[in-house]
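Topology and contacts: notes
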Amino acid sequence: MNTFKKPMTTHLIGTEGRGSQENFRARRRAFRTLHEAGCFVIPNPWDIGSARYLQQLGFPALATTSAGFAFSQGLPDSEVALTCERNLAYIADIAGAVDVPVNADFASGYGKSPQDVADNVTRCIGTGVAGLSIEDATGDPSSPLYELPLAVERVRAAREAIDQSRADVLLTARAECFLVGHHDALRESVRRLQAFAEAGADVLFAPGPHDPTAIKALVDAVRPKPINVLVVRDSGLSVADIAALGVRRISVGGALALAAWTGFTRAAQKLKSEGSFAGFASLVSYADINGFFVTDYDTRQSDG
């Protein structure tokens, strides 16, 4: 029984402006085109302000981050704490606040059975996203990955839900082998990603590796389907380096949110422990940030 199926009472789409169905359809077409050639960075905002700023910088698409949003709400990054309803509201906020395609970090689909996944994917599509990702992690440390047959059925159910919606949303399937500490993470990731591709995933994703050899092996294993690579630390590789490996899409997960938390926690700790304001050195100015939002606000008002 799906315990997550509650009616959404807010964040409805299909009305006007950035949330119009026509705009969402255009973004979905643009998102699919981005995956056809080259390599692009899809950064992960944790709130509307960070989403608006990333769009202004010129990124062609954005992705949500369950970790970044959870931390901003005083919650751990888990499906128990960050419920389906709460995540859907956040996804809808981001999709409705920007003019570029948004990919949803939709965890494990908030349900074990394929039918639960399908039902919740249908709800996620309703937020206006151009894409969404489904993980194969169970959240159970004693058995951290769904057995492959069930994992495949869950991806297939997500695919069928998208097809029935006729919304042309891109489906990303994630193999969490590296993140859960699988003893043969690369081999098992390849096995799972290939199976997910057969089940109808448009994009494949095995978060964890930063080694060029492992990344290239994943790219080659699912070619010609596109691979997403997660970069959450400075591994020494540039965007150009990763693109040269054949990667189509680069996301940063909660890294930008952690960058903000890094500055905040260090400044706050120094203020408390030392009585020092040194943590406020080299801040971006109030005038710069407020000026951006003044201009952004005026632009949105003039756009109606």
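A brief report on the enclosed structure follows. For clarity, every value in this text was computed on a predicted model and none was experimentally measured.

Reading guide: rules and limits
Residues numbered from 1 in each chain as written. Predicted model: local features only at pLDDT ≥ 70, side-chain atom pairs only at ≥ 80, totals over all residues. Heavy atoms only, no water. Salt bridge = Lys/Arg side-chain N within 4 Å of Asp/Glu carboxyl O. Helix = DSSP H or I, 4+ residues; strand = E, 2+ residues; numbered from the N terminus. Buried < 20%, exposed > 50% of the residue type's maximum accessible area, 1.4 Å probe, protein only. Pairing = 2+ DSSP bridges. Contact = heavy atoms within 4.5 Å. Axes fitted to C-alpha atoms, helices over the stretch in contact; angles between N-to-C directions. Polar contact = N/O pair within 3.5 Å; in protein donor to acceptor, adjacent residues only side chain to side chain. Phe/Tyr/Trp six-rings, centres within 6.5 Å; stacked < 30°, edge-to-face > 60°. Core = buried A, V, L, I, M, F, W, Y, C linked by side-chain atoms within 4.5 Å.

1. Some details on the pattern of salt bridges
For side chains of opposite charge, pairing can occur when their charged atoms come near one another. Inspection of the entire model under this criterion finds 16 salt bridges. Here Arg 123 and Glu 85 are joined by a salt bridge, their closest N and O atoms 2.8 Å apart. With a gap of 38 residues between them, Arg 123 in helix α5 (residues 114-125) and Glu 85 in helix α4 (residues 84-97) connect regions that are remote in the sequence. For Asp 220, the salt bridge identified is with Lys 216, shortest N-O distance 3.0 Å. Of this pair, Asp 220 and Lys 216 both sit in helix α8 (residues 212-222), separated by four residues, roughly a single helical turn. By relative accessible area, which is 37% here, Asp 220 ends up partly exposed. Exposure remark for Lys 216: the relative accessible area of 32% places this residue in the partly exposed category. A network of salt bridges, in which partner residues are shared, links Asp 136, Glu 188, Arg 191 and Arg 192.

2. So, the sheet that holds strand β4 (residues 131-135)
Taking strand neighbours across the sheet as the criterion, the eight strands line up as β1-β8-β7-β6-β5-β4-β3-β2 in an open arrangement whose pairing is parallel. In this open sheet, the two strands that pair with only one neighbour each are β1 (40-42) and β2 (62-63). The sheet contact formed by strand β3 (residues 102-105) and β4 spans three bridges and is parallel. Within β4, the residue paired with Ala 104 across the bridge is Leu 132. Across the sheet, helix α7 (residues 185-198) is in contact with β5 (170-174), β6 (203-205) and β7 (227-230); its angle to β6 comes to roughly 160°.

3. Here we look at the side chain of Ser 251
With respect to the secondary-structure elements, Ser 251 resides in strand β8 (residues 249-251). Polar contacts involving the side chain of Ser 251 include one to the side chain of Asn 228, which spans 3.0 Å. Excluding residues within four positions of it along the chain, Ser 251 makes contact with Ile 42, Asn 44, Phe 205, Asn 228, Val 229, Leu 230 and Val 231.

4. A word on the packing of aromatic side chains
Using the criterion set out here, one finds seven aromatic pairs in the structure. Here a set of aromatic residues connected by ring pairs shows up, and it is made of Tyr 53, Phe 292 and Phe 293.

5. Overview of the nonpolar core
If you look at the biggest cluster of nonpolar residues, it comprises 67 residues, and the most contacted ones within it are Val 121, Leu 132, Leu 193, Phe 196 and Leu 204. It is helix α6 (residues 148-165) that provides the largest number of residues to this core, a total of eight residues. Setting aside chain neighbours within four positions, we find Leu 193 in contact with Ala 173, Ala 175, Leu 204, Phe 205, Ala 206, Leu 218, Val 222 and Ile 227. Of all hydrophobic cores here, the second largest spans eight residues; its members include Phe 31, Phe 40, Ala 130 and Leu 170.

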